[in-house]
Amino acid sequence: MRISIKHPQLFSTLFKKVTNCDLDYPVTGLSTDSRELNKNDLFISIKGNHYDGNTFLNAAKKSKASAALVSKVDKKVNLQQVPVKDPLKTISEIAKLWRKQYSIPVIAITGSNGKTSTKELLTHAFSDTFHVHATKANHNTVLGLSLTLLELDKSHEISILELGASKVGEIKNLCEISTPTHGLITNIAPAHLIGFGSIEKISIEKGHLFNALKNGLAFVNLDDKRIENIKVLGKSISFGSSPNSDFSAIINVEIDGKLTLAINSIVIPTKSHNLSFLKNCIAVTAIGMTLGLSESELKSKIQSFKTPKGRCSIKKINRVTIIDDSYNANLSSSFAAL
C-alpha cells in the first residue's frame, strides 16, 4: 500500500516530533513496499514473519526514495535512514497526531462479519452529501489504518474507518490511533478464534470500540445479544428488529424473492435477495439518518449500491449458481452468504 502526502511540511514537522529527527528532504509519499515507491517517498522498513524490510533498502534507493524509517541502519546503503525501535509504531504515532488536527465525525466500524461491506455502503450513502474520507479495500490493520489517516486533509467532512482484529488488544490500539467519534459493531461471531481463544474474548475485544466512545455515539445492534450486553459508556442509538430499537426494522420478502426493508416510517425496496445486505442497510440507515441524510437520499443510495468484488456476488452459469463470497471470508461469513 502506498499513499501520497499532500502536506509534506506538516508531515516533516510531525515526523520530527515523534522521531526527534529532521528529514533531509520533504517526503511526498509513504510505502512499505519498495516496488511501489516513487521519487521522494519515505520507505517504511518493517520486519515481518517472512521478510525483513531492510533487505530492500537498495531497491528503495534505486526508486529514488528520499529516506527510510528503519529499526537498524545499513551503512552500506547511501540513503537517509532514521532508526527507531519499531517503524510501524512510529508511523502509527505520527498518524495519531495527524488525525487529532481534524474535528470531523470519524465513524469506526468493526465486527466479525460485514465490516467492509457496511463501510462501502456507508461511504456510498454519504458520497453525494459529504466529501468522504474512508478506508480503502479492507486496510484495517495498524499499518492500513495509519496510512489511511495520513490521507486525511481539510477538504474531508467525514471519515469512515474499518477496524480489524485477529488478537487481543488490537481494537483498543486502533481506537487510540483513530480517536473515533462514532462507532458500530456489526456483529460478534466465532472468527479468528486462534488469536482470541473464545467468542467471549472476541466480545470483549470488539467492545473496546464502545469503550473508546465516552464522549461519542455508539450504534448498537440489538439483534446481536453479545453486542446488546456490551456496556456503552457514552450515548447510544439502537437498531434491529426489536420494536424497542430507535431504528426498528422489518424485512419483507416479495413474491419474486427480493427483499424490502421497512425501518421506522421508511420503506425501501432494495432489489436484493441478500439478507446479509439488508442487515448492513439497517445499520447504515441508522447512522445515515442520525448524521443528517434524508429518506430519499438513503433509499436512492441503497438501491444504487453495487456489492464489492468477492462480497456475496451471485452469478448463474447455465444451471449452476455461484455465490462468490471469497474476499477474506471466514466460516460465519460463508454461512451468511449461503
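Residues numbered from 1 in each chain as written. Predicted model: local features only at pLDDT ≥ 70, side-chain atom pairs only at ≥ 80, totals over all residues. Heavy atoms only, no water.

Draft legend 1. Region of the structure containing the packing of aromatic side chains. For the structure shown, the criterion picks out three aromatic pairs. Centroid distance phenylalanine 11 to phenylalanine 15: 6.0 Å. Interplanar angle 35°. Geometry classified as tilted. Here the residue phenylalanine 11 and the residue phenylalanine 15 both occupy positions in helix H1 (residues 8-19), the gap between them amounting to four residues, near one helical turn. Classification of phenylalanine 11 as buried rests on a relative accessible area of 0%. By relative accessible area, which is 0% here, phenylalanine 15 ends up buried. (Phe/Tyr/Trp six-rings, centres within 6.5 Å; stacked < 30°, edge-to-face > 60°. Helix = DSSP H or I, 4+ residues; strand = E, 2+ residues; numbered from the N terminus. Buried < 20%, exposed > 50% of the residue type's maximum accessible area, 1.4 Å probe, protein only.)

Draft legend 2. Examining the pattern of salt bridges more closely. Per the stated rule, a full pass over the model turns up 10 salt bridges. One salt bridge connects arginine 35 with aspartate 33, and the closest N-O pair in it is separated by 2.9 Å. Arginine 35 sits in the exposed class, given a relative accessible area of 73%. Judged by relative accessible area, aspartate 33 falls into the buried class, the value being 17%. Taking the shortest distance from any N to any O, the salt bridge between lysine 119 and glutamate 120 comes out at 2.8 Å. (Salt bridge = Lys/Arg side-chain N within 4 Å of Asp/Glu carboxyl O.)

Draft legend 3. Representation of the environment of valine 106 in the model. One can find valine 106 in strand S6 (residues 106-110). Placed 89 residues apart in sequence, valine 106 and lysine 17 show a C-alpha to C-alpha distance of 24 Å. Ignoring anything within four residues of it in the chain, the contact list for valine 106 reads Arg99, Ser159, Leu161, Ser178, Thr179, Pro180, Thr181 and His182. (Contact = heavy atoms within 4.5 Å.)

Draft legend 4. Focus on the environment of asparagine 221. Relative to the assigned elements, asparagine 221 resides in strand S10 (residues 217-221). Residues contacting asparagine 221, with those up to four places away along its chain left out, are Ile185, Thr186, Ile227, Glu228 and Phe239. Engagement of the side chain of asparagine 221 in a polar contact is seen with the backbone oxygen of threonine 186, the distance being 3.0 Å. Among the polar contacts listed, one links the side chain of asparagine 221 to the backbone nitrogen of aspartate 223, at a separation of 3.0 Å. (Polar contact = N/O pair within 3.5 Å; in protein donor to acceptor, adjacent residues only side chain to side chain.)

Draft legend 5. Layout of unusual backbone geometry. For asparagine 40, which is not glycine, the phi torsion reads 70° and is therefore positive. Structurally, asparagine 40 is set in the loop between strand S2 (29-31) and strand S3 (41-44). Residue classification places asparagine 40 among the partly exposed residues on the basis of a relative accessible area of 29%. Non-glycine residue alanine 137 carries a positive phi angle of around 50°. Take alanine 137: it is sitting in the loop between strand S7 (132-134) and helix H5 (142-149). Residue alanine 137 is classed as partly exposed on the basis of its relative accessible area, which comes to 33%.

Draft legend 6. The arrangement of helix H8 (residues 199-211) in detail. Between the first and last C-alpha of H8 there are 18 Å, a value that for 13 residues agrees with the 18 Å anticipated at 1.5 Å per step. Along H8, the positions that sit buried rather than exposed are Ile199, Ile202, Ser203, Glu205, Lys206, Gly207, Leu209 and Phe210. (Expected span 1.5 Å × (residues − 1).)

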